[in-house]
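What follows is each chain in one-letter form.
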Amino acid sequence: GGVVAAGVAHALLQEQMLYAMPAKMPLVVTAYEFGVCSSLSGAYLLLAGGGGARAPLWPLARISALVFASLVSGNVALRWVSFPVKVIVKSCKLLPTMALGSLLLHKSYTVWDHAAAL
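Worth saying up front: this structure is predicted, and the values here are computed from it rather than measured.

About the thresholds
Residues numbered from 1 in each chain as written. Predicted model: local features only at pLDDT ≥ 70, side-chain atom pairs only at ≥ 80, totals over all residues. Heavy atoms only, no water. Helix = DSSP H or I, 4+ residues; strand = E, 2+ residues; numbered from the N terminus. Buried < 20%, exposed > 50% of the residue type's maximum accessible area, 1.4 Å probe, protein only. Contact = heavy atoms within 4.5 Å. Areas by Shrake-Rupley, 256 points an atom, 1.4 Å probe, with all protein chains shown as cover. Patch = residues over 30% accessible without salt bridge, like charges linked within 9 Å, V, L, I, M, F, W, Y side chains within 5 Å. Salt bridge = Lys/Arg side-chain N within 4 Å of Asp/Glu carboxyl O. Expected span 1.5 Å × (residues − 1). Arc of directions from axis to C-beta.

**Q** An account of the overall build of the protein chain is requested, with residue identities and associated values reported.
**A** Counting secondary structure elements, the protein chain contains six helices and zero strands. Listing each helix as α and each strand as β along the protein chain from the N terminus yields α-α-α-α-α-α. In the protein chain, buried positions account for 14% of the 118 residues. Taking the intrachain contacts of the protein chain between residues at least 6 apart in sequence as the baseline, contacts between residues at least 24 apart amount to 60%. Here the protein chain displays about 9,000 Å² of accessible surface, and carbon together with sulfur accounts for 75% of that area.

What follows is the structure in structure tokens.
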């Protein structure tokens, strides 16, 4: 319950801030959030030792760049759409992911998986 409440509070505050900010501020806000999360994750891995597993850095860097671009795009979009529209669009990402998984990776999903995605 607390994690969901914190996420909702964060999103509502973010929406209000982005309405009041100049046009380039969504990039700054997203860069700050992304930087803090990346720094804390990196610090944790350094302190915890990483368990000996080595992640491939180039694929992780590409995925990070795509996630960052997605976050910036979502924050910029809040200038033209309301927060509920952003949430509905983000929640629909599972449907094309399932479709591509079926087409490209030959994954199969149960009726319950499809119902849960809707």
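**Q** So, a nonpolar patch on the surface: which residues are in play, and what are the values?
**A** Together, Trp80, Val81, Val85 and Val89 give the surface a local cluster of nonpolar side chains, amounting to about 400 Å² of exposed area. Within the secondary structure, valine 81 is located in the loop between α3 (57-77) and α4 (83-91). The exposure class of valine 81 is partly exposed, given its relative accessible area of 30%.

**Q** Outline α3, listing residues and values.
**A** Taking 1.5 Å of rise per residue, the 21 residues of α3 would be expected to cover 30 Å, and the 30 Å separating its terminal C-alpha atoms lies within 8% of that figure. Of all the positions in α3, only Val72, Gly74 and Asn75 are classed as buried. All buried residues of α3 fall inside an arc of 160° around its axis, so they share one side. Residues of α3 that are exposed and angled more than 90 degrees away from the buried face: Trp58 and Leu66.

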